Amino acid sequence: MSFSLLQTDPSGARRGVLHLPHGDVQTPAFMPVGTQGTVKTLHPEELRELGAEIILGNTYHLSLRPGAEQIASLGGLHALTGWDGPILTDSGGFQVWSLARLRKITEEGVRFQNHIDGAHMLLTPEKSMEIQALLGSDIAMLFDECPPYPCGRDYAEKSLGLTLRWAERCRGWADAHKPASGACAQSRFGIVQGSAYADLRKKCALELRAMDFDGYAVGGVSVGEPESEMLRAIDNSVPWLPEDKPRYAMGLGTPVQMLEMIERGIDMFDCVMPTRLARHGIALTPDGPVHIRNKKWELDTRPLDPASPPHVSRFPRAAVRHFFRAGEVLALRLLSFQNLSFYLRLMAQARSAIESGEFGAFKGAFISQYQANNIS
């Protein structure tokens, strides 16, 4: 992997390109989430049409079902999913933290019962790297320990020490298992932890930077903290990361949050929100969210968003409301199309604004319109 930083806006926003084995990714970039290998309700070709260039796969879920060895025997995650572009896989650490039962964290790794059948399992830094290598993703995330929020200072310090030692073990496994000549090399991103403590964030960022990974993520955000703390975690991490490597805010966020973080120098995002909101009947538009179940749309002949893809904008809001209330799968597809199109279009608009040196003005105008109209 290589990263080309093309331009930095006066606001601090960055425009770049990630060069990966399965293609280039223009940044700032949003990665649709394919938890089980697919982005819910959408075909890979449809994702391409919407402008997606990279997707995210979930190591924890895929290792449980169908299993990393089975995926490898089928030709890897690209073959399984039908997606021929870049793929990033997470380490599984966050899912163990959020989903597993009877979790016990030790120096060795994390022992837990999985959420599917309750089987006892052990996930270690080495095992996480091995699974991701079998999946064959372009970018593998290091295995880390995600502290909860709120989190006491003692716990945060111990957690950070564990994350840094695990990072060394991840690097050691990768060095010992380099791909054969001609095989696609897998890039690896370190994850900055440290909870709400600025000095711990700095310490983690600097020590990971010294290990010289291909990119860096800010983790331990979107774990129940207020938005101000979330942004503070970014502020306390980004200044200590190298400018010539990509920066990734994990599991974020709302449209406004993403613009705030782009201004703080973040290059990559992922979030389940676009498709999750779709399943709850919410469409994202430049004028704010539309709750399509509401009776006010019963006779509305306008499209969800005039800038939607044509196969979405051809349907009036009244029709989408009817489809959703009737339980038609088409409604979920239309809303997923709309929301992912909205996110991906927002990234394209942000890139254009950075190129013209006007990101600050673009951000202000977008947020003003998005928050001013309560059309739900």
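Up top is the structure these notes are about.
All of these numbers come straight from a predicted model, not from anything done at the bench.

Caption draft 1: Looking closely at the overall build of the protein. Helices and strands together make up the secondary structure of the protein, namely 15 helices and 17 strands. The globule rule puts the C-alpha radius of gyration for 376 residues at 21 Å, and the 21 Å found for the protein is close to it. Projecting the C-alpha coordinates of the protein onto the three principal axes gives extents of approximately 60 × 45 × 45 Å. Across the 376 residues in the protein, those meeting the buried criterion constitute 55%. Of the contacts made within the protein by residues no fewer than 6 positions apart, 67% connect residues no fewer than 24 positions apart. Counting every atom, the protein has about 15,400 Å² of accessible surface; 51% of that belongs to carbon and sulfur.

Caption draft 2: Main features of the sheet that holds strand 6 (residues 55-57). Taken together, nine strands build an open sheet; the order of strands is 4-15-14-13-12-11-7-6-5 and the sheet is parallel. Two strands lie at the open edges of the sheet, namely strand 4 (29-31) and strand 5 (33-34), each paired on one side alone. Bridge count for strand 11 (residues 139-141) against strand 12 (residues 187-192) is three bridges, and the pairing is parallel. Considered in strand 12, the bridge of Ile-139 is made with Ser-187.

Caption draft 3: The arrangement of the sheet that holds strand 3 (residues 23-27) in detail. Taken in spatial order, the three strands of this open sheet run 1-2-3, and their pairing is antiparallel. Pairing within the sheet leaves two strands with one partner each, and these edge strands are strand 1 (2-8) and strand 3. Along the sheet, successive strands turn relative to each other by an average axial angle of 15°, direction set aside. Here strand 1 runs beside strand 2 (residues 14-20); their pairing, made up of six bridges, is antiparallel. Counted as the bridge partner of Ser-2 is His-19 from strand 2.

Caption draft 4: How the structure looks around helix 7 (residues 153-176). When the terminal C-alpha atoms of helix 7 are compared, their 35 Å separation across 24 residues agrees well with the 34 Å that a helix rising 1.5 Å per residue should span. Regarding helix 7, the residues found buried are Ala-156, Ser-159, Leu-160, Gly-161, Leu-162, Thr-163, Leu-164, Trp-166, Ala-167, Cys-170, Trp-173 and Ala-174. Where helix 7 is buried, its residues meet strand 8 (101-105), strand 9 (110-113), helix 6 (125-135), strand 12 and helix 8 (198-211).

Caption draft 5: Up close: the state of the cysteines. Counted according to the given criterion, the structure contains zero disulfides. This cysteine, Cys-146, is not joined by any disulfide, and Cys-151 carries the nearest cysteine sulfur, 9.5 Å off.

Caption draft 6: Structural detail: unusual backbone geometry. Looking along the chain, the bond that leaves Arg-65 and enters Pro-66 is cis, with omega of 10°. Tracing the chain through its elements places Pro-66 in the loop between helix 2 (59-64) and helix 3 (68-73). A cis amide bond, omega 0°, links Leu-252 with the succeeding residue Gly-253. Tracing the sequence through the fold places Gly-253 in the loop between strand 14 (247-249) and helix 10 (255-263). Positive phi values are uncommon outside glycine, yet Asp-212 reaches one of about 60°. For Asp-212, the position within the fold is in the loop between helix 8 and strand 13 (215-218). The backbone of Ser-222 sits at a positive phi, close to 60°, despite the residue not being glycine.

Caption draft 7: Layout of the pairing of strand 2. Of all seven residues in strand 2, six are buried, a share of seventy percent or more. Two successive antiparallel strands, strand 1 and strand 2, enclose a turn made up of five residues, where Gly-12 displays a positive phi of approximately 110°. In terms of strand pairing, strand 2 meets strand 3 through five bridges, oriented antiparallel. Within the sheet, the bridge partner assigned to Leu-18 lies in strand 3 and is Val-25. Counting the residues that bridge the hairpin from strand 2 to strand 3 gives two residues.

Caption draft 8: Up close: the side chain of Arg-345. Among the structural elements, Arg-345 can be located in helix 14 (residues 329-355). Not counting the four nearest positions on each side in its chain, Arg-345 is found in contact with Asp-305 and Ala-307.

Caption draft 9: Structural detail: the packing of helix 13 (residues 317-325) against helix 14. Helix 14 packs onto helix 13 with a crossing angle of 130° between their chain directions and a minimal axis gap of 7 Å. Taken together, helix 13 and helix 14 sit at an angle that is classed as oblique. The way helix 13 lies across helix 14 gives a crossing that is left-handed. For the pair helix 13 and helix 14, contact is made by Val-320, Phe-323 and Phe-324 and by Leu-330, Ala-331, Leu-332, Leu-334 and Leu-335, respectively.

Caption draft 10: Molecular detail of the nonpolar core. Phe-30, Leu-208, Met-261, Ile-262, Phe-269 and Phe-359 are the most contacted members of the largest nonpolar core, which totals 92 residues. The biggest single contributor to this core is helix 14, with 13 residues. Leaving out residues up to four positions away in the same chain, Phe-359 has contacts with Asp-9, Ser-11, Ala-13, Leu-259, Ile-262, Glu-263, Ala-350, Ala-353 and Ile-354. Of all hydrophobic cores here, the second largest spans 18 residues; its members include Val-25, Ile-191, Ala-217 and Met-250.

Caption draft 11: Geometry of the packing of helix 7 against helix 8. Packing of helix 7 against helix 8 leaves a shortest axis separation of 11 Å and a crossing angle of 10°. By the angle class used here, helix 7 and helix 8 are roughly parallel. Counted together, Arg-153, Ala-156, Glu-157, Leu-160, Leu-164, Ala-167, Glu-168 and Arg-171 of helix 7 and Asp-199, Leu-200, Lys-203, Cys-204, Glu-207, Leu-208 and Met-211 of helix 8 form the full contact between these two elements.

The rules behind the values
Residues numbered from 1 in each chain as written. Predicted model: local features only at pLDDT ≥ 70, side-chain atom pairs only at ≥ 80, totals over all residues. Heavy atoms only, no water. Helix = DSSP H or I, 4+ residues; strand = E, 2+ residues; numbered from the N terminus. Rg over C-alpha atoms; globule rule 2.2 N^0.38 Å. Buried < 20%, exposed > 50% of the residue type's maximum accessible area, 1.4 Å probe, protein only. Contact = heavy atoms within 4.5 Å. Areas by Shrake-Rupley, 256 points an atom, 1.4 Å probe, with all protein chains shown as cover. Pairing = 2+ DSSP bridges. Axes fitted to C-alpha atoms, helices over the stretch in contact; angles between N-to-C directions. Expected span 1.5 Å × (residues − 1). Disulfide = S-S within 2.5 Å. Parallel < 35°, antiparallel > 145°, perpendicular 65-115°, else oblique. Left-handed = near helix turned anticlockwise from the far one by under 90°. Core = buried A, V, L, I, M, F, W, Y, C linked by side-chain atoms within 4.5 Å.

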